[in-house]
Amino acid sequence: MDAEVTLTVDGTEHRVRVDTRTSLLDALRERIGNTSPKKGCDHGQCGACTVLLDGDRALTCLALAVAHDGAEITTADGLAADGELHPVQQAFLDRDAFQCGYCTPGQVCSAVGVLEEVRRGWPSHASPDLTADPELSHDEVAERMSGNLCRCAAYVNIVPAVQQAGGAQA
Amino acid sequence: MTELLDPRAIGQALVRRDGEAKVRGTATYAAETPVAHPAYAHPVQATVARGRITAVDTSAAEALDGVLAVLTHENAERLASTEDREYAVLQSAEVAFRGQLVGVVLAETSEVARQAADAVVVTYAEQEHDSELTVDHPDLYAPEQVNAGHETDTAEGDVAAAMATAHATVERTYSTAMVHNNPLEPHATTALWDPAADVPLTVWDSTQGVHPDRAAVCEVFGLEQDQVRVVCPYVGGGFGSKGTPHANVMLAVLAARALPGRPVKLALTRQQMFFLAGYRTPTIQRMQLAADRTGRLQAIAIDVVEQTSRIKEFAEQTGAPTRMMYAAPNRRTTHRVAPLDVPVPSWFRAPGECPGMFGPEVALDELAEELGIDPVELRIRNEPDVDPETGKPWSSRNLVACLREGAQRFGWADRPPPGHRDGDWLVGTGVASSVYPTMRQATSDAAVRFEQGRYVVEIGAADLGTGAWTVLPQIAADALDVPVDDVEVRIGDTRYPVASVAGGSSGTNTWGSAITVAAREFRGKFGRSPAEGDEVTGSVDQATKDEDHAAYAFGAQFAEVRVHADTGELRVPRLHGVFAAGRIVNPRTARSQLIGGMTMGLSMALHENSVWDPRIGQVANHDLAEYHVTVNADVGDVQAHWLDEHDPFVNAMGSKGIGEIGITGTAAAVVNAVHRATGIRVRDLPVTLDKVLAGLP
């Protein structure tokens, strides 16, 4: 069964016909042609498909497109929409926080989401004090970024990249 | 001796040229190739571990709206060559392992393709299968050779006699788990068969080598090289699993040929990769060490048992590093493999050296403990003057320097005593050596052309995240004696001159040699003021090749492990490596490769385990939720350092290759540290808490 949904992706509105089984990820990749979010597992296990969905980081492989009619989506490509890299992207370049690049757009979107979550004061499993404002310590960043697998294992570069983008001393 | 390039661009920590495209996600991987109106393919897999297909009913699948074709062994084209039985997709009713390809559905959308694949009804006459590796499996045999052309068995002196008379001996059996490469980009292909075109077949494939990929496709489909183009600008990780094509590539091409003129996309699911994309065999390693009072080895032996599939032999050279690492007058290495009803094993980062530096490096730690000698010192005392395997001198060997430098950086001398407790945590440190052979492939050409004031270099090389897009221009710039910004390198396409696979840590050594030959010829022919369009092609086989030395990269890894005294939880807060790998072309990308290898070694030590269910013949934990790989929070302070090593024998860059050495030895260092912390010797990887819990003090 098909359905029509409207998705605003990186600032552009798309009216697309999807199968009701179509994931948000496949809607982006196979219907709209935006392949910035990657498919690594299709089961919410790797994080490669992470985008900012209405402002928060989200796994698009676990979301059905029909359930997100009207959604506003920013992919890693959209973070650099004005041609200038987002500070997180620049930090990933500066720190060589990737190799093959396949998990990278998801890592970047996730990092942008993490910095916003920290700004809002959300604690994590690694927060020493659940009532205090979290700091961008190594353990905080590593914990919050652990839903994004990197098989090239750039983890020790990803943490300082996120800290750098967040303005922390790294 | 080789005339080394004068390093100007070489040695610079340049930012990746493909970096911006990767952080934006605009670098296109194989499944993402922008093609008009693609069809989507979804495989059908065997649901028995051994048997014969007796009936196929595709009617329900074909009745679905949007289904374009359903191919099985009953209607698929007959392949030109079925000699490689891994590649002989849909050619017979025989099923050799669970998950083998038995069909493929082509449809207008990926959702319909998947639904239709589920709707194909395959009936089997199931047969008894045997998929469990055991150390005394009745079908164990000695292969003619093991991977990379190594001898199956070697022997020198009398190991048994040395074991009987030595001051100290270690005789233990170690094992490494079955592990799956799991690059983050699933194996994927976009293929277009257009019989009317000049080049009828175009394959956008995720591969570690477009030219070897093309050669395999040509062989299987009976095509000439000029009828096939393979394109792969970016690879989302390979780690060996994309070094040789697997059956999915042949299925994608087969599907495309059934739908002339229309591009077909076939991306394996993560789950399918556990059946079809290669893996590292489990290994069983029986070690024997004999030493005198001072720790000098009198004998060293490893007897390896591992598995292969019944349809295609792959025998990992796990015993290879034991042949050359340490001096000892009496030596033996053997390999025996059991042919099982299992998927086809293949390359996984540092085949041979990775598992083969586990048993021996843990056994050395056990010997050091028995003798009361520091494990760093024990390794230094067994440093061989020449390569024990060939008798050749080393092109350069700086293992001892790595051990010493690493020990100093790590603070080895001040390490806590055995069983040291810090609050609820037991703390220990461990060391192991690393090694990887320095290789150069026989085939690779590079073209250098002067184009609009710049130098364009073309070679069908691959960048798996290794940095080839960035590193090859550095080499070309120095070989041409121009600023690196004046060089453009184009890779990843069979339209460019032939290139070898990105494997065996040989890419930079091989392609860089070809580029250097071409650049030097270019300068010799056209001088410093070339005209537009001036071009030469150079070949790696024109580069000086040294046959008189044994060439290896070496390293030492130091791990600090904390084991929770109550729960057995294992943490590795520090993992430091020092490597001697010749000249480092780009310190930025090199560091990433080395820490990546070490972290994957940590993953092997603590997490990775494809749990085999021998009752049904498959990996039980076949996804990334249950097949654990190291995540960000598992990683502490991982550092990679290197020594400035000048080696005039390896190649014009003086480089040895760094893609694989980082994963060798890591797991042994971790296991040795766990022992120091807890007194528990875990000999079977991975080290999970259940293996330490019962023995905790």
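Residues numbered from 1 in each chain as written. Chains lettered and ligands numbered in written order. Predicted model: local features only at pLDDT ≥ 70, side-chain atom pairs only at ≥ 80, totals over all residues.

**Topic: helix 15 (residues 666-678) of chain B**
- Taking 1.5 Å per residue as the helical rise, helix 15 of chain B with its 13 residues ought to reach 18 Å, and the 18 Å between its terminal C-alpha atoms agrees with that figure.
- Judged by how many residues are buried, helix 15 of chain B sits mostly within the fold: 13 of 13 residues are covered. (Helix = DSSP H or I, 4+ residues; strand = E, 2+ residues; numbered from the N terminus. Expected span 1.5 Å × (residues − 1). Buried ≥ 20, exposed ≤ 12 C-beta atoms within 10 Å, placed from the backbone.)

**Looking at the interface of chain A and chain B**
- Every contact between the two is made by 48 residues of chain A and, on the other side, 47 residues of chain B.
- Class assignment of the residues belonging to the side of chain A that touches chain B gives a composition of 25 nonpolar, 14 polar and nine charged. (Contact = placed C-beta atoms within 7 Å. Nonpolar A, V, L, I, M, F, W, Y, C, P; charged D, E, K, R; others polar.)

**Describing the packing of helix 12 (residues 468-480) of chain B against helix 13 (residues 507-526) of chain B**
Residues and elements named next belong to chain B.
- Here helix 12 crosses helix 13 at 35 degrees, and the two axes come no closer than 9 Å. Of the two possible hands of crossing, helix 12 and helix 13 adopt the one that is right-handed. In contact with Ala468, Val471, Leu472, Ile475, Ala476, Ala479 and Leu480 of helix 12, helix 13 contributes Gly507, Thr508, Trp511, Gly512, Ile515, Thr516, Ala519, Arg520, Phe522 and Arg523.
- When its residues are assigned to classes, the contact of helix 12 with helix 13 shows 11 nonpolar, four polar and two charged. (Axes fitted to C-alpha atoms, helices over the stretch in contact; angles between N-to-C directions. Left-handed = near helix turned anticlockwise from the far one by under 90°.)

**Concerning the domain arrangement of chain B**
Residues and elements named next belong to chain B.
- Looking at chain B, the domain boundaries give domain 1 (19-28 + 441-542), domain 2 (33-128 + 182-276) and domain 3 (147-179 + 280-439 + 548-693).
- Look at where the C-alpha atoms of domain 1 and domain 3 centre, and you get two points 34 Å apart.
- Listed as interface residues are 15 residues of domain 1 and, on the opposing side, 18 residues of domain 3.
- Looking at the side of domain 1 that touches domain 3, the elements with two or more residues in it are helix 12 and helix 13.
- Looking at the side of domain 1 that touches domain 3, the element that brings in the most residues is helix 13, giving five residues. (Domains from an automatic or database assignment.)

**A look at helix 11 (residues 399-410) of chain B**
Residue and element names in this part refer to chain B.
- For helix 11, with 12 residues, the first-to-last C-alpha span of 16 Å sits near the 16 Å given by 1.5 Å per residue.
- Buried residues of helix 11: Leu399, Cys402, Leu403, Gly406, Ala407 and Phe410, and no others. End-on, the buried residues of helix 11 take up no more than an arc of 125 degrees, which puts them together on one face.
- Elements that come into contact with the buried residues of helix 11 comprise helix 10 (375-381), strand 18 (425-437), strand 23 (550-564) and strand 24 (570-580). (Arc of directions from axis to C-beta.)

**Structural notes on the packing of helix 9 (residues 359-371) of chain B against helix 15 of chain B**
Residue and element names in this part refer to chain B.
- Two numbers describe how helix 9 lies on helix 15: the axes approach to 8 Å, and their chain directions differ by 30 degrees. In this view, helix 9 runs roughly parallel relative to helix 15, as classed from their interaxial angle. Once helix 9 is placed against helix 15, the crossing between them reads as right-handed. When helix 9 is examined against helix 15, the residues Glu361, Val362 and Asp365 are found in contact with a partner set consisting of Ala668, Val671, Asn672 and His675.
- For the contact of helix 9 with helix 15, the class distribution of residues is three nonpolar, two polar and two charged. (Parallel < 35°, antiparallel > 145°, perpendicular 65-115°, else oblique.)

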